[in-house]
Each structure stands twice: as C-alpha cells, then as structure tokens.
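Next come the chains, spelled out residue by residue.
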Amino acid sequence: MKNIDSYTHTRGESIYLDDIPVLYGTLYAACFDSPVAHGKLINIDTTAAAACDGVFRVLTYKDIIGENQIGGIIQDEPLFADHEVHFCGMPIALVLAETGEAARHALKKIKVEIEPLPVITNPREAAAKGELIVPPRTFKIGDSAAVFADCDYVFNGCCDTNGQEHLYIETQGAYAVPLENGAIKIYSSTQGPTAVQRAVSKVTGLPMHNIEIDVTRLGGGFGGKEDQANIWAAMCALATQITRRPVKYSLTRMEDMRMTGKRHPYSSDFKIGLSKELKILAFETTIFQNAGAAADLSPAVLERSLFHCTNTYFIPNVTATAYSCRTHLPPNTAFRGFGGPQGMFVIEAAIAKAADELGIDAWQIQQKNLLQSGDELPYGQKVVSEANECWNKAFDLYDMESIKKNVDDFNAKHSLHKKGIAVMPICFGISFTNTLMNQARALVHVYTDGSVVVSTGAVEMGQGVNTKIAQVVAQTFAINPAMIKVNSTNTYRIANTSPSAASATADLNGKATLIACTAIADRLKSIAATELNVSVNDITLKDECVFLNGNKTELGWNKLVLAAYNKRISLSEHGHYATPDIYFDKKTEKGHPFAYHVYGTAITEVTVDCLRGIYEIDSVKLVHDFGSSMNPLIDLGQIEGGLVQGIGWMTMEEIVYDVNGQLKSNALSTYKVPDIYSAPKDIRIEFLQTQKDNLAIFRSKAVGEPPLMYGIGAFFALRNAIKNFNSAVKPLFDSPMTPEKMLMNLYGNASAFREINAIQAAAH
Ligand code: MTE
Ligand code: HPA
Ligand code: MOS
C-alpha cells in the first residue's frame with residue numbers, strides 16, 4: 001500500500017501549519033532572543049518596539065498569567081528570561097503585530113541591558129565545575145575493574161561526536177485561536193500534542209480541558225518537535241489569552257536554527273579489554289553529554305546512551321557512567337536515536353582503537369562479540385538476537401571477501417585516491433525507556449455508509465504512521481483503504497498522548513487501533529451470525545463481505561454496518577494499549593525496558609581524494625531486521641532517510657559555537673546537510689524477514705530510528721581510508737569527519753589542527 005499522503009504531497013495540497021487559512025484579526029508574533037550566552041538581565045526596554053507601525057503589543061515574562069515555566073522532566077526552564085539569560089537565542093520578549101514583517105522589524109528596536117557572566121560551552125568543563133543537570137548514572141554488569149587485569153589486551157582512548165541540526169523542512173510554529181469561555185485552540189507543529197497542552201496549561205494557568213491541540217501533520221520532526229514545539233505554542237497561547245485575538249508564529253529558518261536545541265554533542269573516555277581470541281571481556285566508559293542550559297529531555301537521552309553503550313555486542317563486564325552537563329548553549333533535545341547513536345559511537349571507537357593497535361580489521365573483533373539470543377545486556381534484559389543472522393547474511397550476500405579484495409586492489413593501484421571499508425552492526429531497543437510512556441489510545445467510528453474515521457495519538461511527520469494506522473483498520477475490517485480517513489491528532493479526541501517518538505508510534509497507536517477495531521468487528525460478526533442464523537465462530541470478514549465457513553455470503557460490509565445500527569449496536573470504540581511485560585528499576589539500573597530490539601548490519605565503502613580531503617560514499621550495503629514488514633515501501637524510505645541522515649551527522653554536518661556561545665553555523669550557507677551528490681552512490685537494502693512472535697504491530701518491527709546508526713559506518717570507513725593512505729596516522733575519533741578534518745588527518749596534523757582551533761577560539 002502506498003503512502004496515503006502521496007497524492008496530496010505530490011500536488012502540493014497537503015496542509016502544514018503555515019497553510020492553515022488565517023482568521024480575520026490574526027496577529028503575527030516574532031521573538032526577541034538573547035544576544036548573550038550568560039548574563040544578568042538588568043533591563044528590557046520595549047517602548048520603541050511597541051511604538052512601531054503595526055505593532056499591537058510586546059510581551060515579556062511580566063505578562064505571564066500562569067507560571068513562567070516550560071520544563072518537562074525538570075522544572076528548570078523559563079519561557080521568557082526573567083533575571084538571567086542562559087544561552088544565545090533564549091527568548092526574552094514577543095512582539096505581536098499586524099504582519100510578520102512588522103513584528104520582525106520591531107524586534108530591532110528592543111534594547112536589553114545584560115551584565116555578562118562567564119560562559120561554558122564544553123561539557124567536560126561544566127562537569128569539572130559541578131554543573132550537572134541530574135546526578136550521574138552508572139550501568140554495571142560484572143566487574144570490569146577486576147577483569148582488566150586478566151585481559152591480554154587493554155586499550156584506552158577518548159572520542160567526540162558533535163551535535164546535529166534537525167533541519168525539518170517545516171520550521172517550528174504554532175497558531176492559537178481564542179474559543180468561547182476563555183478556551184484556546186492551538187494548531188501546533190508538534191510531535192507531542194499533550195506535551196504542548198501541558199506547557200500551555202502551565203503558562204496560561206488554564207486547565208487542560210480548556211486547551212485543544214490539533215496536529216494534521218509535520219514537515220519533519222526528527223525529535224526536534226518532541227519537546228521544543230512547546231515554546232512557540234506557549235507563546236502564541238499566552239498572546240491569545242491576553243489579546244483574545246488569534247496569534248500565529250511560524251519561525252524563519254535562522255530563528256529556528258538559533259533558538260532551538262539540537263542533538264547533544266558528547267565527549268567520552270573509554271577503556272576496552274580483550275582476550276587473545278578477540279573476545280571483549282571488559283569495557284568501561286565515562287560519557288559527558290552537552291545538555292545545554294536546561295534539562296529539556298537530556299536525562300532521558302542520557303539514559304538511552306547508557307542502554308546502547310555496548311551496541312550489539314555481548315560484553316560480560318561493563319561499567320558505564322554518564323554525566324549530563326549544563327552549558328550555556330540552547331537546551332539540546334531529542335534527535336533520531338535519542339542518545340543511542342552517541343553511546344554506540346563510543347564502543348565502535350573503542351573497537352577501532354583496539355583494531356588499530358592490533359593491526360587487524362575492526363570487523364574481526366565486531367564479529368566475534370555479536371549478541372546471541374539469551375545474552376544479557378548491562379541493564380539486565382536478555383535478548384532475542386538477530387545480530388548474527390544480519391551479519392552473516394550481509395557478508396554472504398554482498399560478498400565481503402570480494403569487497404575487501406576490490407578495495408585492496410584499488411588501493412594498490414592508486415596513490416592519491418584511497419578506499420576504506422567499515423562494517424556497522426546495530427542493535428536498538430524499542431519502547432520509551434520511561435515505561436509509563438508506553439501507552440496509546442485510538443478512537444474508531446464506523447458511519448452508517450460503511451466509511452470509517454480513526455483518530456489516535458500518532459503524529460504523522462513523514463514517517464508514514466498514518467498509512468500504517470489505515471492498514472490496521474483496513475485489515476481488521478477487511479475493507480478498502482479508500483473507505484478510511486485518518487483524522488488529525490487532537491487532544492479532544494485522544495487524551496494524554498505520549499509523543500510520537502522512540503520509533504514506537506506505529507506499534508503503540510497501531511495496537512490501540514487494532515484493539516478498537518477488533519471490538520467493533522466482533523460486534524459486527526455477532527450481528528452477522530444473528531442475521532444468517534449461524535454460529536459466530538463460523539463467521540469471518542473478508543473482501544468487504546461476511547464469509548461463512550470460508551464462503552462468501554450476500555451480507556456485504558455496508559449492509560452489515562446498517563444492520564448493526566438498526567439494532568442499536570455501537571459502531572464506535574475507544575481502544576487502549578499498554579506494552580506488556582516491560583519494567584525498569586532505576587535504583588538497581590536493571591530491568592526489561594524494551595519490548596524488543598531491532599538489528600542490522602551495514603557495510604560501507606568510501607573513496608577519499610587524498611590531495612583535497614574530499615570523499616565519496618561509494619556504497620552502503622545492508623541487511624536489516626524488519627520482522628515481517630507491513631509496508632516495505634514506507635520502511636525502505638525510513639532506512640534510506642535514516643541512513644543518509646546518519647551519514648550527514650558523521651561526515652559533513654558541523655555545528656559550530658564560538659567560545660562566547662554564539663552559533664556560527666546558523667544558516668544553510670554554513671551548515672551543510674547531505675544532498676543527492678553526497679548520498680551513497682549505491683544503497684542496497686536486504687530484508688531479514690522473520691516470523692518470530694514479537695510485540696510489534698503485525699510483527700512489523702519499528703523502523704524509524706535504527707537505520708540512522710548505520711551512518712556511523714561512514715566515519716569508520718573514512719578513517720580506514722586515511723590509514724590506507726598514511727599508515728603512520730592514528731586519526732582522532734572526532735566526528736564529523738569534514739573534508740577539512742580529513743585533510744589534516746591524511747597528513748597527520750589533526751591533533752595540531754584541533755589545538756590551533758582551540759587557541760584561535762580562545763583568543764577570539
Ligand atoms: N521520518 C520522517 N520522514 N520524518 C521524521 O520527522 N522522525 C524520526 C523517524 N523517521 C522522522 C522520520 C524519528 S526521530 C522517530 S522517533 C520516528 O520516525 C517516529 O515515528 P515512528 O515512531 O512512527 O517510527
Ligand atoms: N525515546 C524517544 N523519546 C523519548 C524517550 C525515548 O526513550 N523517552 C522520552 N522521550
Ligand atoms: Mo525520535 S528522537 O524519538 O522523536
């Protein structure tokens with residue numbers, strides 16, 4: 001089944017926030033944000049701005065009627081700065097005007113007096129100064145400290161991964177509309193309608209039942225709208241509460257890049273111990289997460305880094321400690337993988353380091369340590385593993401021997417171009433790590449003409465969840481998808497939604513839909529049994545008809561629905577699903593937090609131009625564990641998109657803040673994302689199709705985030721190409737491998753380059 005949005009997408013008719021027809025009297029908002037990363041806010045002067053043509057009013061923290069607080073996990077984030085500013089881009093004031101241009105023009109007239117305070121941008125420095133968002137956490141299995149003594153090889157090192165800009169095509173925004181009796185309706189570009197509803201409730205002081213959030217779809221979220229859509233919705237709602245006029249704010253690209261948080265940069269230390277047979281016996285890591293100026297989702301992201309710090313390997317002795325460090329950057333947030341990719345990079349760096357030192361290929365170590373079913377991860381969950389299946393299938397199908405031989409032959413023939421290969425196996429846990437979030441609801445109505453409408457807590461952001469929901473309805477009722485409408489995500493239809501995140505949206509909301517549809521289908525089958533005067537056990541629904549013992553009857557879907565209505569049987573149902581058998585004890589850091597894991601193996605081949613430092617990703621050939629894909633077309637799209645987004649993070653996307661906390665890569669001229677030319681020339685995706693029972697919807701495993709981590713292979717393939725050019729260099733584990741860094745690495749000056757950069761930054 002093709003994506004149900006493909007027709008309107010192709011014709012440009014799909015409706016996003018900025019396409020909603022505006023109401024008469026709508027005001028346009030624009031935010032004045034802090035030009036300084038840390039300081040005392042002495043004075044805000046908005047008089048000149050308020051006097052500008054077309055300006056209706058300027059709001060600051062003083063105008064807030066409820067609480068000046070939007071923190072989710074921890075209440076540590078004001079909506080508008082009050083007495084201090086904590087990052088460049090922190091909201092200070094909101095201009096409301098008759099047009100967006102007038103509002104943005106007036107921004108320039110706002111004057112603030114800020115007394116600068118010291119700025120920290122480096123997470124290790126923050127940790128040294130005790131600036132932590134939450135106390136550190138440690139995951140431990142076995143006794144790594146004792147086992148290192150028995151290891152044949154022990155290696156240490158450190159590694160860094162940079163942040164990543166979400167770059168959803170649709171920027172952040174909200175549109176608030178006043179309803180009667182003080183209620184407010186908000187159209188929001190959010191992954192978490194309930195998160196927005198809670199934030200708006202807090203800031204306005206209105207009870208949640210007076211706040212309606214409606215989401216048709218997003219032009220991408222990638223985690224960036226799990227929590228940070230709250231800000232703009234809260235601003236617009238507050239403005240509507242005060243003015244009783246509709247208020248719209250749709251951010252420009254530069255406002256969005258400057259004011260919102262990104263993927264967390266990490267800096268980590270590692271120590272790895274192996275036996276002569278290349279079994280990893282012990283692993284220790286200390287992870288420093290750059291959280292930015294407020295908690296946002298950082299504690300949850302930190303936790304997932306720990307969950308994935310051994311990637312897809314069985315390591316009997318592990319001690320992993322993670323620090324969430326408070327710096328003066330915009331609060332960093334969820335981004336596809338949610339800390340998992342950062343955690344996995346560390347173990348991959350440790351393995352690459354061991355391979356360097358032992359003079360072997362990293363995949364010899366990787367292969368010997370892959371998870372087997374029944375193995376226990378450091379957090380206590382025993383796995384049902386497909387790691388070896390994916391790995392072996394990839395090596396056989398793509399013929400790793402000949403890939404390696406071709407690369408060696410090429411490298412022997414060419415002196416200024418070198419190829420490199422890396423293998424990236426993945427293992428990603430599916431479920432929100434916060435157990436209580438693993439619940440969802442669906443509301444299904446069948447109308448008397450047989451058509452169906454379904455509402456769930458799922459937000460469509462391009463990942464195809466609405467198509468999967470429609471498939472669940474179509475399959476359960478045995479009707480044509482054309483008879484089904486998937487409604488917008490609305491807090492009056494579905495309450496207390498978890499955000500669409502953690503790759504679990506289709507599983508959770510799909511199962512709730514299945515429960516609701518099954519209840520209606522069961523009632524319809526009873527009606528059919530009565531009408532046909534047979535036992536309900538002999539009835540099935542198929543091809544929009546009632547089947548009796550496998551034979552088609554005269555009773556069609558439409559007739560059946562009408563018969564139920566005439567008998568006053570409900571044609572509506574509200575289904576609730578909560579993932580069974582998952583739990584986690586934060587005191588012992590043990591449990592069974594994930595419904596299941598997703599596996600895969602990618603082989604990446606690259607070619608580097610060793611004169612210029614530029615490179616191409618020749619191919620990524622992978623085998624992915626889909627379970628039984630319910631929609632191969634959508635799932636392939638998720639793999640391709642995730643892979644290229646991961647490659648971007650590892651290679652060319654470089655977020656640069658200067659030492660004053662100013663974002664230098666603040667536009668698309670200075671922040672480069674992969675385009676069709678930088679995508680792999682050849683992407684091959686092979687299904688590992690399994691029939692095993694699992695908790696996925698229709699056994700179709702979650703696919704949203706895991707493929708991003710295949711992109712990590714690009715970093716290590718490039719690193720191997722460098723070694724193939726100059727065997728004397730040991731390239732730093734410093735991602736992204738931009739062409740500049742590549743060039744310095746090729747000639748062995750990457751460390752010097754890094755020091756020069758630091759000195760220049762400090763001087764600046
Ligand atoms: N795909 C598209 N096209 N757009 C997106 O914003 N977000 C990703 C992934 N794939 C995203 C996407 C992220 S971060 C997650 S968690 C999942 O989709 C969320 O959707 P799912 O739970 O339905 O997989
Ligand atoms: N993944 C994604 N988003 C989340 C999670 C998670 O585990 N927990 C809270 N938000
Ligand atoms: Mo995805 S980072 O869980 O929104």
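Okay, so let's go over this structure. (Residues numbered from 1 in each chain as written. Chains lettered and ligands numbered in written order. Predicted model: local features only at pLDDT ≥ 70, side-chain atom pairs only at ≥ 80, totals over all residues. Heavy atoms only, no water.)

Before going further, it helps to examine the site of ligand 1. With respect to spatial proximity, 16 residues lie near ligand 1, and among them Gly221, Phe222, Met461, Thr505 and Gln638 are the closest. One of the backbone nitrogen or oxygen atoms of Phe222 is found 2.9 Å away from an oxygen atom of ligand 1. Between a nitrogen atom of ligand 1 and a side-chain N or O atom of Arg336, the distance comes to 3.2 Å. Considered on its own, ligand 1 offers 520 Å² of accessible surface; in the complex 92% of this is hidden by protein. Residues that form the shell around ligand 1 fall into these classes: five nonpolar, nine polar and two charged. (Near = heavy atom within 4 Å. Polar contact = N/O pair within 3.5 Å; in protein donor to acceptor, adjacent residues only side chain to side chain. Areas by Shrake-Rupley, 256 points an atom, 1.4 Å probe, with all protein chains shown as cover. Nonpolar A, V, L, I, M, F, W, Y, C, P; charged D, E, K, R; others polar.)

Taken together, Glu226, Arg304, Phe338, Phe432, Thr433, Met437, Ala501 and Ala502 make up all the residues around ligand 2. Arg304 has a polar side-chain atom sitting 3.2 Å from an oxygen atom of ligand 2. A distance of 3.1 Å separates an oxygen atom of ligand 2 from a polar atom in the backbone of Thr433. Taken by itself ligand 2 offers 260 Å² of open surface, and the protein chains cover 98% of this. Of the residues that constitute the shell around ligand 2, the class distribution is five nonpolar, one polar and two charged.

In this section: the pairing of strand 11 (residues 211–215). By the criterion of burial, strand 11 is predominantly enclosed, with five of the five residues buried. Across the two faces of strand 11 the burial is the same, with Ile211, Ile213 and Val215 and Glu212 and Asp214 all buried. As judged from the four bridges shared by strand 10 (residues 184–188) and strand 11, these two strands associate in the parallel manner. Bridge assignment links Lys185 to a residue of strand 11, and that residue is Glu212. For the crossover that starts at strand 10, traverses helix 6 (residues 193–204) and ends in the parallel strand 11, the hand is right-handed. Pairing of strand 11 with strand 20 (residues 489–490) involves two bridges; the strand directions are antiparallel. Note on strand 20: the bridge partner recorded for Asp214 is Asn490. (Buried < 20%, exposed > 50% of the residue type's maximum accessible area, 1.4 Å probe, protein only. Helix = DSSP H or I, 4+ residues; strand = E, 2+ residues; numbered from the N terminus. Pairing = 2+ DSSP bridges. Right-handed = clockwise from strand over helix to strand, strands pointing away.)

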